[in-house]
Amino acid sequence: MKEPRADRKQGDSEFTDFLKKGLLVGAVLLVLIVPLRMHQAAKAPQQAPVASAPATTAPKARVDAPVAPTLRLADFAGERPSADARHVADWAVFTSNHGKRAFVVVDKKDARVYVFAPDGKLKESAPALLGAALGDDSFPGIGDKPLSQVLPEEKTTPAGRFVAEPGRNTNNEDIVWVDYDAAVSMHRIRPTVAAERRLERLASRVVEDNRISFGCINLPVTFYEEALSPTVQKHGAIVYVLPDVKTPQQVFGSFDVRDAAQVAAWKKGALQAVNGPARPDAVQKVSLNAR
């Protein structure tokens, strides 16, 4: 018979077996459950992070850039006037020196006349015949002299700002007075003296050819009848006769409207325009001399 081994307490043995079995089962469960939980966590939708609202600030007030004022200038409708003609026309429009009238620019150096509507838009231009003598002033008493007594040096077309006045000559032909006292007017060309070749001179592109009159401004017939005369009759007109010798600034008190400093000086009253008063009683005056 075998020798019996030393006895163990049965309770201790069962408890130990239970612990062993429990630990084994727990380990198995961990192996199974943990990967499953990790897989479920990976498949769960990610919650979008909540953005924090930026600090609110008061909206900035809108500051518009200053708008440059529109520069009002004469519209020469594509023509290329001399610098002096453009200077005076731009100045007249910018300052409204002509008021609500139309205006006419007589460019003696270029022997050309420009007729503008009251809004400063060119209506028409044409060549002209002018006083034979260079000069910007009329000789005293010239308006009362018979043509036969007018000296060559006295045949000037005076420069200046004039109020145009409708009138008639002794032949009952309508004319436009420029300077009644000096007997200077604008009228249709009159080729009465064949030797003067006025029509040929008017067609010439040589400016010196256009200096032939006693002082009056001779114009093409069509230009006079369709542009100048109707405009003066309808709106009245200021006539700016540009100088031969002096500067426009000396004659008109004009300035460069594109020069901010000169414009500022004008606004302060430092530059004054020469404004000749209108003579309402001078309408329909009769010319004693055809010049």
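Treat the numbers as computed from the prediction; the structure is a model and nothing was measured.

Take the overall build of the protein chain next. When its secondary structure is counted, the protein chain shows six helices and twelve strands. When the accessible surface of the protein chain is summed, it comes to about 18,300 Å², and 57% of that surface belongs to carbon and sulfur atoms.

Glancing now at helix α6 (residues 260–267). Near the N-terminus of α6, the side chain that reaches the backbone nitrogen of Ala-261, with its oxygen 2.9 Å away, is that of Asp-259. Directly beyond the C-terminal end of α6, a positive phi value near 90° is found at Gly-269.

A word on the sheet that holds strand β5 (residues 160–163). Pairing is mixed across the open sheet formed by five strands, whose spatial order is β3-β2-β1-β11-β5. In this open sheet, the two strands that pair with only one neighbour each are β3 (122–127) and β5. Looking at each pair of strands side by side, their axes are set apart by 15° on average, direction ignored. Pairing of strand β2 (residues 112–116) with β3, which is carried by five bridges, proceeds in the antiparallel orientation. Within β3, the position partnered with Val-115 by the bridge is Glu-124. Along the sheet face, helix α2 (residues 83–95) touches β1 (102–107), β2 and β11 (237–241) and points at about 160° away from the line of β1. Together, β1, β2, β3 and β11 form the strand contacts of helix α4 (residues 221–235), whose direction differs from that of β2 by roughly 45°.

On the secondary structure map, Asp-136 appears in the loop between β4 (130–131) and β5. At a separation of 2.4 Å, a polar atom in the side chain of Asp-136 contacts the main-chain amide nitrogen of Asp-244. A distance of 2.8 Å separates a polar atom in the side chain of Asp-136 from the backbone nitrogen of Lys-246. Beyond its immediate sequence surroundings of up to four residues, Asp-136 is in contact with Lys-108, Pro-158, Ala-159, Pro-243, Asp-244, Val-245 and Lys-246.

This next bit is on the environment of Leu-151. Residue placement: Leu-151 occurs in the loop between β4 and β5. We classify Leu-151 as partly exposed; its relative accessible area is 40%. Sequence separation between Leu-151 and Ala-133 is 18 residues; the distance between their C-alpha atoms is 9.7 Å.

Looking at the secondary structure, you find Asn-169 in strand β6 (residues 165–169). C-alpha of Asn-169 to C-alpha of His-187: the two residues are 18 residues apart in sequence and 9.8 Å apart in space. Among the polar contacts made by the side chain of Asn-169, one reaches the main-chain amide nitrogen of Asn-171 at a distance of 3.0 Å. A distance of 2.7 Å separates the side chain of Asn-169 from the backbone nitrogen of Glu-173, its partner in a polar contact.

Confidence in the prediction of the protein chain, expressed as mean pLDDT, is 80, and 69% of residues score 70 or more. Per-residue pLDDT stays below 50 along residues 1–12; that stretch engages in one contact with residues further than four places along the chain or on separate chains. Note on residues 273–290: pLDDT under 50 across the span, and 50 contacts to partners over four residues away in sequence or across chains.

Criteria and thresholds
- Residues numbered from 1 in each chain as written.
- Predicted model: local features only at pLDDT ≥ 70, side-chain atom pairs only at ≥ 80, totals over all residues.
- Heavy atoms only, no water.
- Helix = DSSP H or I, 4+ residues; strand = E, 2+ residues; numbered from the N terminus.
- Areas by Shrake-Rupley, 256 points an atom, 1.4 Å probe, with all protein chains shown as cover.
- Polar contact = N/O pair within 3.5 Å; in protein donor to acceptor, adjacent residues only side chain to side chain.
- Pairing = 2+ DSSP bridges.
- Axes fitted to C-alpha atoms, helices over the stretch in contact; angles between N-to-C directions.
- Contact = heavy atoms within 4.5 Å.
- Buried < 20%, exposed > 50% of the residue type's maximum accessible area, 1.4 Å probe, protein only.
- pLDDT = per-residue confidence, 0-100.

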